[in-house]
Amino acid sequence: MNVIHTTKSAIYRSWEEYDKTTLIVAITEDGASLHHIDSNYTNAESTLLQLSVPQALDVAERIQRVLRGEPPKNPIDQPAPQLFVAPITDGDPYREGVRVSLSNGNWMRDFNFNMTTETAQALAKLLQSAQK
């Protein structure tokens, strides 16, 4: 059995009312874990990602770039799996946010997590705490 104690953690929900997607983030001694849970119509699907400290800091920086209105500079030349960060907008009422997407090389296993700018700021701050 491997017991991991977290130093900080948070639960985030997608900004869509109809979407029950949840992202659980835990900062550990060696980085961060992201647990994406998609409670779709048939059954729940789950993906667990382990990020090293440099990877967590990279995702945090790309989120902050998007929040500042800059291109995220996603690493497109690396093999899957990859986390992509992108700005998103939504219709009526108009709102802006951030999307974190997993590209796993299998679209059946990929996910998108849409969040408000406030949630994105909180997520970036939490991921940055992995360096401490």
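Residues numbered from 1 in each chain as written. Predicted model: local features only at pLDDT ≥ 70, side-chain atom pairs only at ≥ 80, totals over all residues. Heavy atoms only, no water.

Trainee: How do you make sense of the overall build of the protein when you look at a structure like this?
Mentor: When you go through the protein residue by residue, the secondary structure sums to two helices and seven strands. Along the chain direction, N to C, the helices and strands of the protein fall in the order β-β-β-β-α-β-β-β-α. Relative to its length of 132 residues, the protein is compact, with a C-alpha radius of gyration of 14 Å against a globular reference of 14 Å. C-alpha extents for the protein along the principal axes are approximately 45 × 40 × 30 Å. Counting over 132 residues, the protein shows a buried share of 37%. With an accessible surface of roughly 8400 Å², the protein has 50% of that area assigned to carbon and sulfur atoms. (Helix = DSSP H or I, 4+ residues; strand = E, 2+ residues; numbered from the N terminus. Rg over C-alpha atoms; globule rule 2.2 N^0.38 Å. Buried < 20%, exposed > 50% of the residue type's maximum accessible area, 1.4 Å probe, protein only. Areas by Shrake-Rupley, 256 points an atom, 1.4 Å probe, with all protein chains shown as cover.)

Trainee: Can you help me understand the pattern of salt bridges in this one?
Mentor: Pairing between side chains of opposite charge can happen when their charged atoms approach one another. Evaluation of the coordinates by the stated rule reveals five salt bridges. Sharing partners across several salt bridges, the network here consists of E61, R65, R68 and E70. (Salt bridge = Lys/Arg side-chain N within 4 Å of Asp/Glu carboxyl O.)

Trainee: When you look at unusual backbone geometry in this model, what are you seeing that I'm missing?
Mentor: Across the chain, the bulk of peptide bonds are trans and the bulk of non-glycine residues have phi less than zero. Even without being glycine, K73 reaches a positive phi, approximately 60°. Along the chain, the position of K73 falls in the loop between helix 1 (53-67) and strand 5 (82-90). Exposure remark for K73: the relative accessible area of 61% places this residue in the exposed category.

Trainee: Explanation requested: the sheet that holds strand 5 in the structure shown.
Mentor: An order of 5-6-7 is seen for the three strands of this open sheet, with the pairing classed as antiparallel. What marks the edges here is a single partner per strand, and that holds for strand 5 and strand 7 (111-116). This sheet shows a mean twist of 25° between the axes of neighbouring strands, independent of strand direction. Direction of pairing for strand 6 (residues 95-103) relative to strand 7: antiparallel, over a ladder of six bridges. (Pairing = 2+ DSSP bridges. Axes fitted to C-alpha atoms, helices over the stretch in contact; angles between N-to-C directions.)

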